[in-house]
Amino acid sequence: MSLKTVKLGSQGAVVSRMGLGCMGMSEFYGVTDDVESAATLVRALDLGVTFLDTADTYGIGDNELLIGKTLGARRDEVFLATKFANVRKKEDPSFWMVSGRPEYVHQACDASLKRLGVDHIDLYYQHRVDPNVPIEETVGAMAELVAVGKVKYLGLSEASPATIRRAHAVHPITALQTEYSLWERHVEEEILPTVRELGIGFVPYSPLGRGFLTGAIQSKAELGSGDFRAERYPRFAGENFDKNQVLVGRVRAIADRMGVKPGQLALAWVLAKGEDLVPIPGTKRRKYLEENVAAADIHLTPEQVLELEAAIPQEEIVGDRYAEASMKTIDR
């Protein structure tokens, strides 16, 4: 079992067909276990998952430190992506602001390079767009990082079509990272057509619906302490959870018929949408990593793709993607 590689965008980047989202290793999804997380990172490389996704805000630097410590001599095997813009403080984890100021771009990059223990970042994303700083100024600063060799390729996350076009006019954007899965398909209307027109790769995050599409979460009680999903994501909250479980049940029924797991089927659906899409399912356990990688061997027919989409009509999904405050920071 080893993943093939594909082009990400049109600027020369080549990555594994599926990446690994590392956020949950350090925060948000329950108790952390650095030993198992490190083992998962190593196993990912062994399986050919060489596209690793982190951010300076995950664990407020801890995730970058974990990845840097674990990679060691295997750095050259990895296409390493990290992000800046979500500003947080160790002394007050609840503090959260967005900054795209040019001087902050440089400061954040230097800090990430130090934590990761590397001399360059392969793909550097603006994690969220700062509405108070023209995108031209932010991307201009990011382009300066490319010019001095600290960064190879530039990316955006949760940017609107208009912002993507403005950014791309300043410096070629290699990838856009935005949520996309069977239960979040808003990008299909304008965002995907825009990036495809411009030759920008698309990186779907949360392709498993933050774990919901795996069918493994049967009740909110199973989320456990330290798991923020029920409070951060309305689809996990209150009656929404039970109503959305009905949709997952339909996917499970199709998966059972095909002899695969629901999460694998959800990933296969994303992969079927085109080789210019490189999903980054997150996990902190080797077991689930191996299940996810195996999804690359599931090749859906056009009829199966349509059947899955009919199983989860977008109008039947209950709840927004994020809580109200966070909804204001996306697609802008």
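Check the entry above for the structure.
What counts as what
Residues numbered from 1 in each chain as written. Predicted model: local features only at pLDDT ≥ 70, side-chain atom pairs only at ≥ 80, totals over all residues. Heavy atoms only, no water. Helix = DSSP H or I, 4+ residues; strand = E, 2+ residues; numbered from the N terminus. Buried < 20%, exposed > 50% of the residue type's maximum accessible area, 1.4 Å probe, protein only. Contact = heavy atoms within 4.5 Å. Phe/Tyr/Trp six-rings, centres within 6.5 Å; stacked < 30°, edge-to-face > 60°. Lys NZ or Arg CZ within 6 Å of the ring centre and 35° of its normal. Pairing = 2+ DSSP bridges. Right-handed = clockwise from strand over helix to strand, strands pointing away. Polar contact = N/O pair within 3.5 Å; in protein donor to acceptor, adjacent residues only side chain to side chain. Salt bridge = Lys/Arg side-chain N within 4 Å of Asp/Glu carboxyl O.

**Quick word on the environment of S37**
Mapped onto the elements, S37 comes out in helix α1 (residues 34–46). Of the residues examined, S37 reaches a relative accessible area of 1% and is grouped as buried. In the structure, S37 is positioned 254 residues away from E291 in sequence and 16 Å away in space, judged by C-alpha atoms. Beyond its immediate sequence surroundings of up to four residues, S37 is in contact with M25, L66 and K284.

**Details of the environment of A85**
Tracing the backbone shows A85 in the loop between β5 (79–84) and β6 (86–89). Through-space distance from the C-alpha of A85 to that of M97 is 8.0 Å; in sequence the pair is twelve residues apart. Aside from chain neighbours lying at most four places away, what touches A85 is M97, V98, S99, Y104, Q126, H127 and R128.

**Looking at the packing of aromatic side chains**
Taken as a whole and judged by the stated rule, the model has twelve aromatic pairs. Look at Y180 and F202: their rings are 6.0 Å apart centre to centre, the planes differ by 80°, and that puts the pair in the edge-to-face class. Of the two residues, Y180 sits in the loop between β10 (175–179) and α6 (191–198) while F202 sits in strand β11 (residues 201–205), which places them 22 residues apart along the sequence. Summarising the burial analysis for this pair, Y180 and F202 share the class buried. Among the aromatic residues, those joined into a ring-pair cluster are W183, F212, Y233, F236, F241 and Y322. Positioned over the ring face of F95 is K89, at 4.3 Å from the centre of the ring. For the cation-ring pair, R210 lies above Y322, with the distance from its terminal atom to the ring centre recorded as 4.9 Å.

**Considering the sheet that holds strand β3 (residues 20–21)**
Spatial ordering of the open sheet is given by β3-β4-β5-β8-β9-β10-β11, a layout of seven strands whose pairing is parallel. Only two strands of the sheet have a single neighbouring strand rather than two, namely β3 and β11. Across four bridges, β5 lies against strand β8 (residues 121–126) in parallel orientation. The residue of β8 that forms the bridge with F84 is Q126.

**Here's the deal with the pairing of β11**
Most of β11 sits inside the fold, with five of its five residues counted as buried. Along β11, one buried face is formed by G201, V203 and Y205 and the opposite face, lined by F202 and P204, is buried too. With five bridges joining them, β10 and β11 adopt parallel strand pairing. Bridge pairing in β11 places E179 opposite Y205. The β-α-β motif built from β10, the intervening α6 and the parallel element β11 has right-handed crossover chirality.

**Quick word on the side chain of E64**
Note that E64 resides in helix α2 (residues 62–71). In this structure the side chain of E64 is engaged in a polar contact, spanning 2.8 Å, whose partner is the side chain of S112. Sequence-distant contacts of E64, defined by excluding residues within four places in its chain, comprise T54, A55, D56, T82, S112, R115 and L116.

**Considering the pattern of salt bridges**
Taken as a whole, this structure holds 26 salt bridges when the rule is applied. Measuring nitrogen to oxygen at the nearest pair gives 3.0 Å for the salt bridge that ties R250 to E316. Residue R250 is found in helix α8 (residues 238–258), and its partner E316 is found in the loop between α11 (302–311) and α12 (324–327); the two are separated by 66 residues along the sequence. Judged by relative accessible area, which is 31%, R250 ranks as partly exposed. Between E309 and K273 there is a salt bridge, with its nearest N and O atoms 2.6 Å apart. With E309 in helix α11 and K273 in the loop between α9 (262–271) and α10 (286–294), this pair connects stretches of sequence that are 36 residues apart. Residue classification places E309 among the buried residues on the basis of a relative accessible area of 13%. Accessibility expressed as a relative area gives 25% for K273, which makes it partly exposed.

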